[in-house]
Amino acid sequence: MALIRIVPSWEISENQITPESVFMNRRRFMKSLIGAGLTASALSLTGCQATSKTANPGNNLVQEIPDFTKNPNFAEVNRPVTAEDVATKYNNFYEYGGTKSIWQAAQALPLEDWKVEVSGLVKNPTTYDLEDLQKKFPLEERIYRFRCVEAWAMVVPWLGFPMRALMAAVEPNSDAKFVQFTSFYDPKITTGPGFWANGYPWPYTEGLRIEEMANDLAFFAVGMYGKTLPKQNGAPLRMVLPWKYGFKGAKSIVKIEFLKQKPATFWNTLAPDEYGFEANVNPSKPHPRWSQATERIVSSKPSFSWKKQPTLPYNGYGEYVASLYS
Ligand SMILES: Nc1nc2c(c(=O)[nH]1)N[C@H]1C(S)=C(S)[C@@H](COP(=O)(O)O)O[C@H]1N2
Ligand SMILES: [Mo]
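Definitions and cut-offs
- Residues numbered from 1 in each chain as written.
- Chains lettered and ligands numbered in written order.
- Predicted model: local features only at pLDDT ≥ 70, side-chain atom pairs only at ≥ 80, totals over all residues.
- Heavy atoms only, no water.
- Helix = DSSP H or I, 4+ residues; strand = E, 2+ residues; numbered from the N terminus.
- Contact = heavy atoms within 4.5 Å.
- Pairing = 2+ DSSP bridges.
- Phe/Tyr/Trp six-rings, centres within 6.5 Å; stacked < 30°, edge-to-face > 60°.
- Buried < 20%, exposed > 50% of the residue type's maximum accessible area, 1.4 Å probe, protein only.
- Near = heavy atom within 4 Å.
- Polar contact = N/O pair within 3.5 Å; in protein donor to acceptor, adjacent residues only side chain to side chain.
- Areas by Shrake-Rupley, 256 points an atom, 1.4 Å probe, with all protein chains shown as cover.
- Nonpolar A, V, L, I, M, F, W, Y, C, P; charged D, E, K, R; others polar.

Looking at an unreviewed UniProt entry, one finds the protein named Sulfoxide reductase catalytic subunit YedY, with Planktothrix paucivesiculata PCC 9631 as its source organism.

### Remarks on the side chain of N71
Relative to the helices and strands, N71 is located in the loop between β1 (69-70) and α6 (84-87). With residues up to four places along the chain from it excluded, the contact list for N71 reads E140, E141 and R142.

### A few points about the pairing of strand β11 (residues 253-259)
Remark: a regular strand shows side chains that alternate across the two faces of the sheet. Here strand β2 (residues 115-120) pairs with β11 via four bridges, running parallel. Bridge pairing in β11 places G120 opposite F258. Bridge count between strand β6 (residues 178-183) and β11: six bridges; the pairing is antiparallel. Its bridge partner being in β11, F178 is matched across the sheet by L259.

### Here's the deal with the packing of aromatic side chains
Applying the stated criterion across every chain, the model contains 26 aromatic pairs. Plain terms: the ring middles of F93 and Y96 are 4.8 Å apart, the flat faces sit at 80 degrees to each other, and that makes the pair edge-to-face. For the pair shown, F93 and Y96 are each scored as buried. Ring plane angle 75 degrees and centroid distance 6.2 Å describe the contact between F178 and F277, whose orientation is recorded as edge-to-face. Of the two residues, F178 sits in strand β6 while F277 sits in the loop between α10 (266-270) and β12 (294-297), which places them 99 residues apart along the sequence. Taking relative accessible area as the criterion, F178 reaches 15% and is therefore assigned buried.

### Considering the site of ligand 1
Around ligand 1, a shell composed of 18 residues is seen, among which Y94, E95, R238, G249 and K251 lie nearest. N92 places a main-chain nitrogen or oxygen 3.2 Å from an oxygen atom of ligand 1. One of the side-chain N or O atoms of K251 is found 2.7 Å from an oxygen atom in ligand 1. Here ligand 1, which alone exposes 530 Å², has 99% of that area covered by the protein. Looking at the shell around ligand 1 residue by residue, the class counts come to eight nonpolar, six polar and four charged.

Given below as structure tokens:
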């Protein structure tokens, strides 16, 4: 297959064990053939640069965050924190490509003049800019387990604020039952004409029940590893929901809308039988194409030597969230 042949050899096994990509590759194979010229050059460019040893790879907008507290309730988990260089170079961000090596391509994300519009069924609709995101809400660090539906896992020290803090500021009214989150999308910058995932239900959207958003664990990250978020990790604002599969955590959010009805979401629209709206981590409920009982801890080693560990119900956060689902 054209898509497989042009990626570096260590990525071949990667493509075979990363089911979200496999799904996309299969479904869009014909389309990707049509756009082969562009697809091939885009992928070989990212693949190549991702494997080179360049220091500080295109993260030049990343800055230290000077003021934050460490939340003592989330100061550690029972696993080591993933190396920063791993967590910032092994990404899912399909707007910028279909492999895990998109950190270079994602540098096209324009952060200047960023606005996050919070609207819908709220008393105080508000538009936040970049400075607001760093200053309006007290920032804290939380170390969370992170579990992708593709059965790989990391541990990330996020910096940000509880979603509840934003809810307190905008004051949802009593009709608000759901919330939709929308990622940045500009076809000129992300999925341009001929791009392999053209035709997908962009922009990327996610959704929560309002009670889920109000839960202690639900978090907006503006940084990680003591610095602002790198673009490939979803700068300047992303969702972090450690009891749910990673795809629920939309990146680079531009809109948050409080709604009466359950919103459509990206993966659930694409493949409802494979990616549910709720998407809580559940080791006893296999994905239709693979088991969710175990996970591989992402490291800088080749994927075939990543350590395998059991997956826990709610990713180990049942004490916080199980009551939401009884
Ligand atoms: N906008 C957007 N958000 C996204 C995605 C994406 O493709 N686009 N991928 C999701 C998936 S599948 C995962 S596992 C996480 C990956 O986050 P990371 O790259 O920071 O590890 O982001 C989620 N958020
Ligand atoms: Mo994922």
